Amino acid sequence: MSRTTTDTEPTQSPPADDHAFFGQPRGLMTLSGLEVWERFSFLGMQAILVLYFADTVARGGMGMEAGTAASVSAAYGTLVYLVSVAGGWLADRILGSYRAVLYGGILIACGHYAMAVPTDAMTWTGLGLISAGTGLLKPNVAAMVGKLYRTDDERRDAGFALYYMGINIGAFLGPLVTGWLGDHASWHWGFSAAAVGMTLGLIQYVLGRRHLIGRRHGAEFALSPRSMRRAVRLIVTGAVVVAAVATGLSLAGWLTMGRFVDVLTVASVIAPVVYFVVMFRSRQVTAEERGRLRPYVVLFLASVVFNFILFQAYSTMMLLASTNARTEILGFHFPAGWYASALGAFEVALAPVVAAVWARMGPRQPHASNKIAIGVILGGLSFLLMVVPTSGHSGDTYRMAAWWIVGSYLLLGLGDILLETSGMSASTKLAPKAFAGQTMALWFLSLALANGIQAQVVKLYGEVSNPAYFGVNGAIAVVAGVAVIAAAPWLRRTMHPVH
């Protein structure tokens, strides 16, 4: 594209008469389609990743202990969300949203193709590429959706609802395909399907790029040429130094997989602490905004507790389903990986119902903090439910009915709808004006911290009894949700203008 076109493009306003996609702009179809395939590949791969880690080498797996497999899988999630913070900055300052998403998608596809090669080295290479690619893609797609609408466009909320439905459709379909291939062919065939899915998403993204109003090749808040060259040099140099140090420590036998997981956990704790300290001490934050930050810390921690449970839908719950749950419903047999699809299916089905209930209740609906608290409690109950079928067995050879796992995912899916929608909305309203553009980064840090904590706690899976593991973790989440409800009077008073 010529420089003239690029320069004039940002001045274009989204046309109010573009109703080509269910009454929404055409660009929403492009971005929703990309997210369908990105979630298809990401969650399709994640549904079988922990099973691949835990499977025996003779069966094509990596032969890890159950707790280690869950810990490494959680560490991968930690890395993805830590990198997402940098991905948002790169798009704003250097690449621009369109190119950040494009390059991220290419890295993700390359990572999945690498994992299709049945060697340990290619598995770790692939996970590294997927982490980097998701970090570029994930934080910037939602921003591009927002650019499709004028500020006063009443279709915005409905458009985001369609967009999130696309995410959940991908979350539903991905595990169905990868789970079947992993069970009937090999784990690496499942990873291949994820690669094909991401490739299809990229193709339709490029073909539909002309509908992405406001797209530009340059960054929206680009650094000066001198600063950009310096930033690129620092990024490249830093990457090379980190890779060299990591390789050296690994060859010396110090950087083991366990220590790498521990390093990521420490990073996931330090990053949000630093972020909050900077915001609380910043001179650009007014006293009123600082007052709103305090309740946001509570909501941030609530998100961490809930997502600590949610992310285990793809780790400990998958392991439990593969070893101690029947893989048949009404006489129909299915792979254990298909359980992960239940979560996406419930969210697709329940999201419109929840939206309709809130619309019907109008001003009588619960405060945002109570919605978040209920979501956390439902997450805890999803784990407490698993205490019942895992109790009273003399050994580990029992098989629970499939409905127990499905019921747990139903509670978890409903909790996710309540927490994520209210949490993201509250985040954008409570963030200080000087840090408004980094709201998504802070939310991703709550997901990174949840995964970082999970990477340590799941090491106990298989070491303690299943009733104790699910019971204690579930109870902690319920207590945390009740604590948020108890703090509701203070939260309502300090969270203005959030209702």
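Worth saying up front: this structure is predicted, and the values here are computed from it rather than measured. (Residues numbered from 1 in each chain as written. Predicted model: local features only at pLDDT ≥ 70, side-chain atom pairs only at ≥ 80, totals over all residues. Heavy atoms only, no water.)

### Some points on the nonpolar core
Phase 1: Formed by 93 residues in total, the largest nonpolar core has its most connected members in M45, L49, F53, Y339, I405 and Y409.
Phase 2: Leave out the neighbours within four places in its chain, and M45 touches F40, Y76, H112, M115, L127, I130, T178, F191 and A194.
Phase 3: Membership of the second largest hydrophobic core comes to 23 residues, among which are L34, Y98, L137 and L202. (Core = buried A, V, L, I, M, F, W, Y, C linked by side-chain atoms within 4.5 Å. Buried < 20%, exposed > 50% of the residue type's maximum accessible area, 1.4 Å probe, protein only. Contact = heavy atoms within 4.5 Å.)

### A word on the environment of R209
Phase 1: Mapped onto the elements of the fold, R209 is located in the loop between α7 (187–207) and α8 (225–251).
Phase 2: For R209, a relative accessible area of 36% puts it in the partly exposed group.
Phase 3: C-alpha of R209 to C-alpha of A345: the two residues are 136 residues apart in sequence and 29 Å apart in space.
Phase 4: Here the side chain of R209 touches V206 through a polar contact of 2.6 Å, landing on its backbone oxygen. (Helix = DSSP H or I, 4+ residues; strand = E, 2+ residues; numbered from the N terminus. Polar contact = N/O pair within 3.5 Å; in protein donor to acceptor, adjacent residues only side chain to side chain.)

### Things to note about a nonpolar patch on the surface
Phase 1: Where nonpolar side chains cluster on the molecular surface, the patch consists of Y113, V196, L200, I203 and L207 and spans about 460 Å² of accessible area.
Phase 2: Here the element with the most residues in the nonpolar patch is α7; it accounts for 4 residues. (Patch = residues over 30% accessible without salt bridge, like charges linked within 9 Å, V, L, I, M, F, W, Y side chains within 5 Å. Areas by Shrake-Rupley, 256 points an atom, 1.4 Å probe, with all protein chains shown as cover. Salt bridge = Lys/Arg side-chain N within 4 Å of Asp/Glu carboxyl O.)

### Topic: the packing of aromatic side chains
Phase 1: In total, this model carries 17 aromatic pairs according to the counting rule given.
Phase 2: Pairing Y469 with F470 gives two aromatic rings, centres 5.4 Å apart and planes at 90°, and the pair type is edge-to-face. Side by side, Y469 and F470 carry an identical accessibility label, which is buried.
Phase 3: Among the aromatic residues, those joined into a ring-pair cluster are Y52, F53, W124 and F191. (Phe/Tyr/Trp six-rings, centres within 6.5 Å; stacked < 30°, edge-to-face > 60°.)

### What about a positive patch on the surface?
Phase 1: On the surface, a cluster of positive charge is contributed by R226, R229, R230 and R233.
Phase 2: Among the structural elements, R230 can be located in helix α8.
Phase 3: R230 sits in the exposed class, given a relative accessible area of 55%. (Lys, Arg positive; Asp, Glu negative; His and termini not counted. Charge placed at Lys NZ, Arg CZ, Asp CG, Glu CD.)

### What to know about the side chain of T123
Phase 1: Its place among the elements puts T123 in helix α5 (residues 120–146).
Phase 2: Side-chain polar atoms of T123 contact the side chain of Y52, separated by 3.1 Å.

### Concerning helix α10 (residues 287–310)
Phase 1: For α10, spanning 24 residues, the distance from its first C-alpha to its last is 35 Å, which sits close to the expected 34 Å at 1.5 Å a residue.
Phase 2: The largest bend along α10 measures about 25° and falls at P295. (Expected span 1.5 Å × (residues − 1). Bend = angle between axes of the 7 residues up to and from the residue.)

### Brief notes about the confidence of the model for the chain
Phase 1: Within the chain, residue pLDDT values average 86, and 90% of them lie at 70 or more.
Phase 2: Every residue in residues 1–11 is under pLDDT 50, and counting partners more than four places away or in other chains gives 11 contacts. (pLDDT = per-residue confidence, 0-100.)

### Observations regarding the packing of helix α3 (residues 66–95) against α5
Packed helix pairs are specified by the crossing angle of their axes together with the interaxial distance, meaning the distance between the axes.
Phase 1: Between α3 and α5, whose axes approach to 6 Å, the crossing angle comes to 45°. Classified by the angle between their axes, α3 and α5 sit oblique to one another. Viewed along their axes, α3 and α5 form a crossing whose handedness is right-handed. Across from V72, Y76, L79, V80, V83, S84, G87, G88, L90, A91 and L95 in α3, the residues of α5 making contact are W124, L127, I130, S131, A132, T134, G135, L136, P139 and N140.
Phase 2: Residue composition of the contact of α3 with α5, by class: 14 nonpolar, 7 polar and no charged. (Axes fitted to C-alpha atoms, helices over the stretch in contact; angles between N-to-C directions. Parallel < 35°, antiparallel > 145°, perpendicular 65-115°, else oblique. Left-handed = near helix turned anticlockwise from the far one by under 90°. Nonpolar A, V, L, I, M, F, W, Y, C, P; charged D, E, K, R; others polar.)

### Digging into the packing of helix α2 (residues 26–54) against α7
Phase 1: In the contact formed by α2 and α7, the axes pass within 8 Å of each other and the chain directions differ by 170°. By the angle between their directions, the pair α2 and α7 is classed as roughly antiparallel. Between α2 and α7 lies a crossing of left-handed hand.
Phase 2: Per-class residue counts for the contact of α2 with α7 are 18 nonpolar, 8 polar and 1 charged.

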